[in-house]
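# Structure at a glance
The primary structure of each chain is shown beneath.
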Amino acid sequence: MVKFTKKDKRKNKKLMPERNENYMNNIKKLCGFCINEWHLTTMILPYISKEIENNYKMITILENSIEENIKTLIKKLNLKNEEDILEINWKQSVAQKYTEVGSKLNIIAKSDEKYIILVNGRKNFIDVVNKHIDKWLKKNTKVKQEIKIINCYKITDFNYNITEILDSHDRIINTSGEKRIDEVFEDYKKEGKIEEATS
């Protein structure tokens, strides 16, 4: 269990996009944590299937490909929208430059459909991609449809302050779906209002 204490420090604050009153109301940010690509696949696939049924379109920005994992797992599940899921680009993304991320997101500006942007990788990869997504959203202010940005952090080399990550997201995703952060981390309080867990 993760305990939240008052000693938490906010490091690398500039890279992590902060949620503030200027952030668009149609954007919802979710975070999740996975130990490898298989864990990500088993966590995200049922959720994505459900959201496709709710008329969401999907964009992926992945540090590592999960295409083979998706193909393997989808054969074992009975999903109504198998073809739609297989049409999603589950391959590794090049996302170090704004133009690389922006070119993936431009489809959103040409549509009025709801979108999920799935970002997965190590924290530094996700920070860079989110900086580019925020820049794209600021340039494309006419985008009004609902967008969910799901940042799935790979935790094998995870030594970062989890409170900083949770503070910059609205909700959390895990194998049971989308949840309030305090449902998963009982001692968590938004925006630094954290208490020590008592036993």
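Residues numbered from 1 in each chain as written. Predicted model: local features only at pLDDT ≥ 70, side-chain atom pairs only at ≥ 80, totals over all residues. Heavy atoms only, no water.

We now examine the confidence of the model for the chain. Per-residue confidence for the chain averages 84 on the pLDDT scale, and 81% of its residues sit at or above 70. Overall, residues 1–22 carries pLDDT values under 50, and its contacts beyond four positions in sequence, including any with other chains, amount to 53 contacts. With pLDDT under 50 throughout, residues 192–199 is counted as low confidence; its partners more than four residues away or in other chains account for 16 contacts. (pLDDT = per-residue confidence, 0-100. Contact = heavy atoms within 4.5 Å.)

Let us now look at the nonpolar core. F33, I61, I108, I117, I133 and L166 are the most contacted members of the largest nonpolar core, which totals 30 residues. Of all the secondary structure elements, the ones that give two or more residues to this core are strand 1 (27–34), strand 2 (56–62), helix 4 (98–109), strand 3 (114–121), helix 5 (123–139), strand 4 (147–154) and helix 6 (162–167). A total of 6 residues in this core trace back to one element, the largest contributor, which is helix 5. Discounting residues that sit within four places of it in the chain, I108 has contacts with I59, Y115, I117, W136, V143, Q145 and I147. (Core = buried A, V, L, I, M, F, W, Y, C linked by side-chain atoms within 4.5 Å. Buried < 20%, exposed > 50% of the residue type's maximum accessible area, 1.4 Å probe, protein only. Helix = DSSP H or I, 4+ residues; strand = E, 2+ residues; numbered from the N terminus.)

Below, the discussion takes up the pattern of salt bridges. All chains considered together, the criterion is met by 13 salt bridges. Where K154 meets E37, a salt bridge forms, and the shortest distance between an N and an O atom there is 3.5 Å. Linking K154 in strand 4 with E37 in helix 1 (residues 37–53), this pair joins segments that are 117 residues apart in sequence. The pair K154 / E37 is uniform in exposure class, with both members buried. Among the ionic pairs, E68 bridges to K71, the shortest N-O distance being 3.9 Å. Placement of the pair is E68 and K71 together in helix 2 (residues 67–76), with a separation of 3 residues, close to one helical turn. We classify K71 as partly exposed; its relative accessible area is 34%. Via salt bridges that share partners, K28, K50, E51, K148, R171 and E178 belong to a single interconnected network. (Salt bridge = Lys/Arg side-chain N within 4 Å of Asp/Glu carboxyl O.)

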